[in-house]
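Given next are the chains, with one letter for each unit.
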Amino acid sequence: MLFTMDKELSSLAQKIEQAAALCQRLRRENQHLRQELANAQQQVKLTQSRFEAARRRLDAVIEKLPKE
């Protein structure tokens, strides 16, 4: 009976260690994904800003064209 309890405790300890390792891996992955998301959001803002600047320049050129 004592052997069975030791075996069960050992198995439980191993499962806890595996769960803790998985938790750590998922935390690292989550942090990495958050950083990727922040970078992508920053890139979107930069692209939108460039697009708006190009649109303003294009509008200015269009305004200078002769009217029909």
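Caption draft 1: Molecular detail of a nonpolar patch on the surface. Residues Leu 2, Met 5, Leu 9, Leu 12 and Ile 16 make up a contiguous nonpolar surface patch of roughly 520 Å² in combined accessible area. Assignment of secondary structure puts Leu 9 in helix H1 (residues 2-64). The class for Leu 9 is exposed, based on a relative accessible area of 53%.

Caption draft 2: Highlighting the environment of Glu 63. Along the chain, the position of Glu 63 falls in helix H1. Exposure remark for Glu 63: the relative accessible area of 57% places this residue in the exposed category. Counting along the chain gives 17 residues from Glu 63 to Leu 46, while the straight-line C-alpha distance between them is 26 Å.

Cut-offs applied
Residues numbered from 1 in each chain as written. Predicted model: local features only at pLDDT ≥ 70, side-chain atom pairs only at ≥ 80, totals over all residues. Heavy atoms only, no water. Patch = residues over 30% accessible without salt bridge, like charges linked within 9 Å, V, L, I, M, F, W, Y side chains within 5 Å. Areas by Shrake-Rupley, 256 points an atom, 1.4 Å probe, with all protein chains shown as cover. Salt bridge = Lys/Arg side-chain N within 4 Å of Asp/Glu carboxyl O. Helix = DSSP H or I, 4+ residues; strand = E, 2+ residues; numbered from the N terminus. Buried < 20%, exposed > 50% of the residue type's maximum accessible area, 1.4 Å probe, protein only.

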